[in-house]
Every structure is written in structure tokens, then in C-alpha cells.
Amino acid sequence: MPRIKLKQRQRIFLNELTLPCSALLQKLYIDRGITSVSELDLSTKTLLSASSLKGISEACSLLYQALLSAKKIVIVGDFDADGATSTALSLLCLRELGFMNVDYLIPNRFDYGYGLTPESVDLAIAKGAQLLITVDNGISSIKGVAYAKEKGLQVLITDHHLPAEVLPNADVIVDPNQKDCLFPSKNLAGVGVAFYIMSALRSYMIQKDHFSDKGIRPPTLTKFLDIVALGTVADVVILDANNRTLVEQGLMRIRAGACRLGISALIKVAKRAQHSLVASDLGFSLGPRLNAAGRLDEMRHGVELLLCEDAVQADLLAQELDALNHTRREIEQGMQEEALQALENLALDEKNMPYAICLFDESWHQGVIGLVASRIKERYYRPTFVFAKANDTEIKASARSIAGIHIRDILDLLDKKMPGMILKFGGHAMAAGLSIKATDFERFKQGLNEVLASQVDADILQNVLLSDGPLQGKDLTLEQAYELRNAGPWGQGFPAPLFDAYFKIIEQRLVGEKHLKMVLECEGTVVDAIAFNVDLDIWPDPRIRQVFCAYRLDVNEFRGASNVQLLIELLEVR
């Protein structure tokens, strides 16, 4: 297993800025690329204008004409958390804007595959669809869109995934990653794209005097930013300034209790504190429970939770998702153990480690392969492809990549090198999905590693943690932990602060099956700490009295009490 290397984060800007915060937080902001005080303003007025999104005007016109002619609209969503939040958001916003003839559909991933397929179009037609809106999918649905057009349907594609050279023949496409789209942020999640379209539609309807003619006030759509925040964080997109604003505004609504009943219900079953919820809670506690529906059953359950207007029903739906998530964990754990055993049998080390790891087992569950790929990627720090059986002749994979390797571009190069081998693929820089014939597994693995060998510098394959340096013992306080916690939202591309130091071990014990709970001491300050999934061949060991740690300063809230806790990312005996 590759060794993790710790490096000190390099300063991006040499000139100091005067920011309205502590010296420590100012340093952290500057090192993450903050260049002015204005970038710390996360109010809605700082959100980018929708006007530069390619296709936005045409999308608004298409939707407004559908409203005037009472066309039946069916929203077709993806089966993950981003797809569920995109679907629920679009449906709620359209209804808020006066669209009553609207329904949704999330095709079962196991029966209909990914995206807008001809089979899923038939499902929409059975619902009476005249206009299809894809959310968080569609940019690669060439056949599905063509079939929909043959059947006389209009199609509006809203997506954020990277397009191929050939685009579907839809009436309108809105995707910030289209080559000629001038929207400054390419990091919107699918739910972010949907929110921008709905906001633009509201403005379009105001310009058409739609609301004034009816003697009503234009509805407020920012009340749905809690849904946008959940989908954005759960999809692990880069939190650039625009996405941080979307997430922070949503978190503010959640903390104030002004959020969807379904989100409050998810918070309850996840045993999180709603008044102090942070972005990581959305990603690690709420997102997985929402995703569990699409992984093991039908994402319709997740959408219905977000649409729910009854608190009792929301609690019941959240409990169902929580139970599914427990089942998902058990399935994932078993698959992960089998995958790790298969890799151990190969006796991989740093000298013979392939550029990419490819694993396949006929018994593996399609809905969980992405999670297993993430775990293997984290452990071995290689792009990882985990395959499961799709049907009698095909296998499908979820891929997860590492920083510096754009996995969809790699698949595109492989497709050009070995045309026809990959039956279909799509995704973005850090995650992708694909299908191949089962008989091509070894051929795919060899070709993939050859392409990576020609494109990737070996230095990229070194797992590096970037540290913000040491904190003095006197800084390990609850006040400092709260300041850092509230300074986010932290996430992909805007990482939470990571510090490092030597500590004396006062106490150590296992909790759960593989987590090490410790009491540490640094410069006279004693603090609690926890390291997850430790090596049981090493820990616990009462003979070890000093360790080097890379850690995050966190607040542990338990039974109404709050105290400082270090979340250990790297634990080394030196």
C-alpha cells in the first residue's frame, strides 16, 4: 500500500491581506486562494448571473410556452443524491411558479441503466409526457433523446457532466461544461444547474408580466436552497466561491429550521445537531442515506422524502432510508473485504503497483461498486474501477480517480485507441461510469494502464496530504475549533484545515471495531482524539507513547456537552 506523504501547504499569495478574522483564519483563507474581503461574502447577491449559461434563454422560452399550452412535463432524474435533489427542486420550483401539469420519473438503475434511455422515454410517455426535462443526466443520452424526438416529445437537457464531441439532438441543452458556454463556474452540481434554470425562468416570467397580470407576487425560490446545498455537497463538486455561496445559504436555512421536512428528518435519523450543521454533515451523514435509496432500491423514495409536506410521513421515509443505508453498509463491507483480499493476493507494492486498479466479481452489487471503488482508491491511491455484472454478456464499472488524473478524459483516449471496446461511458474528472463486454475485462485493464502510462507522471501517484502546519498546544481550544468550523463551508477544492504535530499518548483504546480513541497531550494541553479504521496489527499498543499526527480540529457534541476533538487523518509512530 503506498505510503502517505505529508507536505506543508504552499502559500498561494505572498502579499498579506487584511481580512476580518483571526490571524490563523486569515492565513488559511489566503492559502486557499482568497484574494479579497469580497470573496468572504457568501450572500445571495454574490451569486453569478444565469445570463451567460448557454441555452438559458431558450430553456426559459421552452418552459414558459409549455406552461401556456398546459403541456405535460416529466422530469427525468438520475438515481443518486444529486439526481434526487435536482428532481425534487425542479418539481417544487415549477409548482411554485404555477406549473401544475408536471410529474417526475427516476428510472430504476438496474432495469433501465443510466441517463435518458429509449426504455425510460417509454416510461415517461406512459405518464403522458410531452416535454421531458433531464436533470443531472442527459448530456450523453444520444439514443434516448433521438427516440424521444421520434415520438414527438420536446426535450430539455439540464446536466453538469462533461459532454462528448457529439451532443444529443435535444431542443435545448443547458450544461455549463459545454465547450462554448461562457458561464464562469464549471463546477455546478446538477442541482445547481437546475436552480439556475428555475431562477432564470422566474425572471423570464416577471419580464412577461405573468405574475402581475394575475395579481400575484412572484414566488421566492431561494427557500429551496437547502435542497441545493445537500445535492451540491453530496455530489462532491468543487466548492468554488459560487458553490460555497449556494451551500452556505442552504446551511443557514437548515440551521434556522427553515428547511424541507425531509431534510430535518434525515438530520434526526443521522443523529446530527440541526442548529450547528456543517457541510461535512451533508456529505457524510445525510448524503449517504439519500443515496442508499438509489443504490439498493429506487431513488423515488429519496425524492418523495424531499417533497414530503407531512412531518410524520417524513420521519417514516427517513427511517426507511436509514435502514437501507445500514443494509448498504453491510453489503459494502463484504464487497470491500473481498476486493482487498483479491488485491492482497496479488502482493502489490510500490514497485509493481499498476497505474489503475481494476476489479470484477460476478456477485458484486451494482449499486455499491462506486463506494467500493472510493475505498480502494483511498487505500491504494490509484484510479480504481470496480465492475459488477450488468447482464449475461456485459459488465459495468464505477470509477474513482485521484487528483491530477481526469478519468473521463482518460476513458475518451482509451475509446479512441481501442474503438468499440467501451460500449458506453460518461462522467467527469474524479468519477465515471462505463460498460464493456465481460470477455473484454482483461483487454480493458491492459489498455487502460497503457493509456495512463503514456499520460501520467509518476509523481501524481504519490498520496500527499497538504498540512497547514502546526498549532501550538494553547490553540487547541473549543473557541478555535468553533471558529474553524463556522469559517466554511469546507469541502472539495476548499479543504478543511489540516494541522500536524507530535503528541504524547496519555490513553488509547478501541471503539467500534477499528477506531482508536485517544487522549493526547501537546505542550501541556490535553485533548481527545479519534482515528478511524486503524491498522489492528499496530493499534492499540500501550508501548507506543508518542505519535506524529495530521489532524483536523473539531467539535464533538455529545449529550448536550461540547468539547474539542482531533480527527486524525495520519497517525505515525516516529
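Look a little higher up for the structure.
The paragraphs below set out a description of the structure included in this document. Quick caveat, the model's predicted, so the values are computed rather than measured.

## Quick look at the environment of Val 564
And step 1. Examined against the element boundaries, Val 564 turns out to sit in strand S17 (residues 561-572).
And step 2. Each C-alpha atom, one on Val 564 and one on Gly 190, is 36 Å from the other, the two residues being 374 residues apart in sequence.
And step 3. Filtering out sequence-adjacent residues up to four positions away, Val 564 remains in contact with Leu 476, Thr 477, Leu 478, Val 527, Asp 528, Leu 553 and Asp 554.

## So, the packing of helix H11 (residues 261-269) against helix H14 (residues 311-345)
And step 1. Contact geometry for H11 and H14: axes closest at 8 Å, N-to-C directions at 50 degrees. Of the possible angle classes, the one that applies to H11 and H14 is oblique. Regarding H11 and H14, the two cross each other, and that crossing is right-handed. Along the contact surface, H11 presents Leu 261, Gly 262, Ala 265, Leu 266, Lys 268 and Val 269, while H14 presents Ala 311, Ala 314, Asp 315, Ala 318, Gln 319, Leu 321 and Asp 322.
And step 2. Class assignment of the residues belonging to the contact of H11 with H14 gives a composition of 8 nonpolar, 2 polar and 3 charged.

## Some remarks on helix H1 (residues 23-31)
Turn by turn, an α-helix covers 3.6 residues, leaving residues three or four places apart pointing in a common direction.
And step 1. For H1, the tally of buried residues reaches 7 of 9 residues, placing the bulk of the element in the interior.
And step 2. If you check which residues of H1 are buried, you get Leu 24, Leu 25, Gln 26, Leu 28, Tyr 29, Ile 30 and Asp 31.
And step 3. Turning to H1, the residues buried within the fold contact helix H18 (478-485) and strand S13 (499-511).

## Topic: the sheet that holds strand S5 (residues 154-158)
And step 1. Taken together, the 5 strands give an open sheet; going across it, the order is S3-S2-S4-S5-S6, and neighbouring strands pair in parallel fashion. Looking at strand neighbours, the two that pair on one side only are strand S3 (102-105) and strand S6 (172-174), the edges of this open sheet. Put simply, the sheet's adjacent strands are angled 20 degrees from each other on average, direction ignored.
And step 2. Sitting on the sheet, helix H2 (residues 56-68) touches strand S2 (73-77), strand S4 (131-135), S5 and S6, and the angle it makes with S6 is about 125 degrees.

## Digging into the sheet that holds strand S9 (residues 394-400)
And step 1. The strand order S7-S8-S9-S11-S10 describes an open sheet built from 5 strands, whose pairing is mixed. The open sheet terminates on both sides in strands that have one partner only, identified here as strand S7 (357-360) and strand S10 (422-427). Ignoring strand direction, the axes of neighbouring strands in this sheet form an average angle of 15 degrees.
And step 2. Alignment of S9 against strand S11 (residues 431-437), held across 7 bridges, turns out to be antiparallel. Note on S11: the bridge partner recorded for Lys 396 is Ser 435.
And step 3. Against the sheet, helix H16 (residues 407-417) engages strand S8 (384-389), S9, S10 and S11, with an angle of about 155 degrees to S10.
And step 4. Relative to the sheet, helix H17 (residues 441-455) contacts S7, S8, S9, S10 and S11, its axis offset from that of S7 by approximately 170 degrees.

## Focus: empty space enclosed by the protein
Any space left empty among the atoms is revealed by the rolling of a water-sized probe across them.
And step 1. The full count for this structure, using the stated rule, is 1 cavity of 30 Å³ or more.
And step 2. The space that makes up the largest cavity amounts to roughly 50 Å³.
And step 3. Forming the boundary of the largest cavity are Val 76, Gly 77, Asp 78, Phe 79, Pro 107, Gly 113, Tyr 114, Gly 115 and Asn 137.

Calculation criteria
- Residues numbered from 1 in each chain as written.
- Predicted model: local features only at pLDDT ≥ 70, side-chain atom pairs only at ≥ 80, totals over all residues.
- Heavy atoms only, no water.
- Helix = DSSP H or I, 4+ residues; strand = E, 2+ residues; numbered from the N terminus.
- Contact = heavy atoms within 4.5 Å.
- Axes fitted to C-alpha atoms, helices over the stretch in contact; angles between N-to-C directions.
- Parallel < 35°, antiparallel > 145°, perpendicular 65-115°, else oblique.
- Left-handed = near helix turned anticlockwise from the far one by under 90°.
- Nonpolar A, V, L, I, M, F, W, Y, C, P; charged D, E, K, R; others polar.
- Buried < 20%, exposed > 50% of the residue type's maximum accessible area, 1.4 Å probe, protein only.
- Pairing = 2+ DSSP bridges.
- 1 Å grid on protein atoms, 1.4 Å probe; cavity = no way out; pocket = protein on both sides within 12 Å on 5 of 7 lines; lining within 4 Å.
- Points joined across faces, edges and corners; volume = space filled by probe spheres on them.

These values are about where atoms sit, not about what they do.
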